[in-house]
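Breakdown of the fold
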Amino acid sequence: MSLVAEAFVSQIAAAEPWPENATLYQQLKGEQILLSDNAASLAVQAFLQMCNLPIKVVCRANAEYMSPSGKVPFIHVGNQVVSELGPIVQFVKAKGHSLSDGLDEVQKAEMKAYMELVNNMLLTAELYLQWCDETTVGEITHARYGSPYPWPLNHILAYQKQWEVKRKMKAIGWGNKTLDQVLEDVDQCCQALSQRLGTQPYFFNKQPTELDALVFGHLYTILTTQLTNDELSEKVKNYSNLLAFCRRIEQHYFEDRGKGSSSIRSS
Amino acid sequence: MPLSWLTTPGRRRGAGSKHNALWKTCGSGDPPAARAPGRAPRGPGPAQAACRAARNPRAGPGAQDPLELFCWSGGWGLPSVDLDSLTVLTYARFTGAPLKVHKVTNPWQSPSGTLPALRTGHGEVISVPHKIITHLRKEKYNADYDLSARQGADTLAFMSLLEEKLLPVLIHTFWVDTKNYVEVTRKWYAEAMPFPLNFFLPGRMQRQFMERLQLLCGEHGPENEEELEKELYQEARECLTLLSQRLGSQKFFFGDAPASLDAYVFGYLALLLQAKLPSGKLQAHLRGLHNLCAYCTHILSLYFPWDGAEGPPPRQTPVGPETEEEPYRRRNQVLSVLAGLAAMVGYALLSGIVSIQRTTPARAPGTRSLSMAEEDEEE
């Protein structure tokens, strides 16, 4: 979002309270959505639950194209559309709800840094696994990504997306990595998160923040998604405090609320 | 050993090579200028004390096959003008790793074709910066030895923050912003690189960087160039403020001794601060963050004291060989001018454009006027 548009949106956002019919759009859960998109969507859902804001999840096959930035998920609130966790957090803040107000400056810096760590390592590893690992691509990704479209569009779109992702991987230096190295990086990232979490219930002690939502989104998706092999989820399972963390958030914010509109058990 | 003669610029470095052994113990891979010989282990007193590592179980100085590091040479008051090279050099200084540093201006001279590159004792070549640092760590030159687990996690997190927020802006500032590129970056690279690389290599590097930036930021859906730029700089300013808050009033990020995170942060900050950029929007913001500026100057003065003092070495090095060749050059110039003149005069005489008159000896004045009149008629 450009700065001017952002300021404008914040102004408008501040004016209205959170409506009851706010919706979150993502791809089709059963057949289409991929690991990385599912993680992002879950992170946003967790964040909104933590803020106690009601949201309805709607699945559409063309969610990616509806989104203003091309990324899912996006939320439709009032007459505004905001996509991706970062802008959504700011949007929600403009409406007066924030999870990170109680943090001091140093903690805010750390929170932003850890969010970047998750984006940099976990998200990129997920993308790598989905689009650059041939077995996964062949067995899962191509089929899922193109499933709503007729032949030959499904193949064309899938190959196009794969080419885009591969280009990006090369630009950031992941193009030459092997799967083992990527898993190694995931392990390092999980180790860092685990060490930061320690024995606390949330990353910044008593209250969850957007960092907790983001980490939960990614880890939970990794743990519960069935891929060609279990190596990725094994890496996460090595850290018991992360498992406990996921369980805690799931129980607290998803099972207790009784909002059965979206079950978060991924396919 | 002979390699350092060829690649390290200026005679001083070559002469300094025999001081390698002395400097290896002192924890610097870079033999200093010729004024060093008399001086004992230079002030790495503070550096050694402040330096966390070199828990080196190996035997004394220069025992093993040395690690060789090829990196871009220095400029703008810095030991190196390239971000990755600067980071690796700084880390090596922090840990006192005995690296033989080859400062080159020609990437084709490096064993992997890119800079920086580390050639290990086994002949293996590593060219990804964080892998170089990992290798140094494995060789027991570990600046993160004393960090707690949580601090190690923080290191990873902040490194990701730097890469996501500051790196695009750094690339933009030095390679995409037209004024900066033409007046600072391209000028340095074109002057430093040997003929004929200086004609096409800077342009090629610029294209590569622009593509990288495009791929890094293209996904944010830029409406147009200016807005994307504003957004990038906004995020970078936020990032710098965050770093400043995290550093607080400490000397280094994790207390009193430098760690690998300090090497990374220093790389970014030093480039932004030291280069004299005509359009330095981020520079202005950075200068406002006093603790970061003090941090930068502190590291520069402690670990790279002579590089800052020397001024811009690449400008000196072309002058060096030039002054040696100067007498020959002047002589050649004079000779060529004379040869040109001689050729022109000879051609003029031979083709009759100019002719030399043989004057007859003087007769009586009366008859002279007649003979002169005759001569005039003859002509």
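Residues numbered from 1 in each chain as written. Chains lettered and ligands numbered in written order. Predicted model: local features only at pLDDT ≥ 70, side-chain atom pairs only at ≥ 80, totals over all residues. Heavy atoms only, no water.

**What to know about the sheet that holds strand S3 (residues 74-77) of chain A**
Residues and elements named next belong to chain A. Pairing is mixed across the open sheet formed by four strands, whose spatial order is S2-S1-S3-S4. The open sheet has two edge strands with one neighbour each: strand S2 (56-59) and strand S4 (80-83). Neighbour to neighbour, the strand axes of the sheet diverge by 25 degrees on average, direction disregarded. Note: strand S1 (residues 23-26) against S3, three bridges, orientation antiparallel. Paired with Tyr 25 across the strands is Phe 74, a residue of S3. Lying over the sheet, helix H2 (residues 35-50) contacts S1, S2 and S3, oriented at roughly 165 degrees with respect to S1. Where helix H4 (residues 85-94) meets the sheet, its contacts fall on S3 and S4, and the angle it forms with S4 comes to roughly 135 degrees. (Pairing = 2+ DSSP bridges. Helix = DSSP H or I, 4+ residues; strand = E, 2+ residues; numbered from the N terminus. Axes fitted to C-alpha atoms, helices over the stretch in contact; angles between N-to-C directions. Contact = heavy atoms within 4.5 Å.)

**Considerations on a nonpolar patch on the surface**
A contiguous nonpolar patch, built from Val 334, Leu 335, Val 337, Leu 338, Leu 341 and Met 344 of chain B and spanning about 580 Å² of accessible area, is present on the exposed surface. On the secondary structure map, Leu 341 of chain B appears in helix H15 (residues 313-351). (Patch = residues over 30% accessible without salt bridge, like charges linked within 9 Å, V, L, I, M, F, W, Y side chains within 5 Å. Areas by Shrake-Rupley, 256 points an atom, 1.4 Å probe, with all protein chains shown as cover. Salt bridge = Lys/Arg side-chain N within 4 Å of Asp/Glu carboxyl O.)

**Details of the UniProt feature "domain: Metaxin glutathione S-transferase" (unreviewed entry) in chain A**
As recorded in UniProt, the sites labelled "domain: Metaxin glutathione S-transferase" (unreviewed entry) are residues 187-249 of chain A. For residues 187-249 of chain A, the helix share is 68%, the strand share is 0%, and the end-to-end C-alpha distance is 22 Å. (UniProt positions renumbered as here; feature names shortened; annotations may be inferred.)

**What about a negative patch on the surface?**
All names here are of chain A. A cluster of acidic residues, Asp 180, Glu 184, Asp 230, Glu 231 and Glu 234, forms a negative patch at the surface. Secondary-structure elements contributing two or more residues to the negative patch are helix H8 (179-197) and helix H10 (231-237). Note on placement: Glu 231 falls in helix H10. (Lys, Arg positive; Asp, Glu negative; His and termini not counted. Charge placed at Lys NZ, Arg CZ, Asp CG, Glu CD.)

**Some words on the interface of chain A and chain B**
Contact with chain A, which involves 26 residues of that partner, is made by 25 residues of chain B. Taking both sides of the interface into account, the surface hidden between chain A and chain B amounts to around 2600 Å²; carbon and sulfur atoms contribute 58%. Scanning the region where chain A abuts chain B turns up two salt bridges. Notably, a salt bridge pairs Glu 116 of chain A with Lys 165 of chain B, separated by 3.6 Å at the nearest N-O pair. (Buried area = accessible area lost by both parts, 1.4 Å probe.)

**Section: the pairing of S1 of chain A**
Residue and element names in this part refer to chain A. Here S1 shows two buried faces, one formed by Thr 23 and Tyr 25 and the other by Leu 24 and Gln 26. With four bridges joining them, S1 and S2 adopt parallel strand pairing. By the bridge assignment, Thr 23 is partnered in S2 with Lys 56. Regarding the hand of the β-α-β motif, the stretch spanning S1, H2 and S2 is right-handed. (Buried < 20%, exposed > 50% of the residue type's maximum accessible area, 1.4 Å probe, protein only. Right-handed = clockwise from strand over helix to strand, strands pointing away.)

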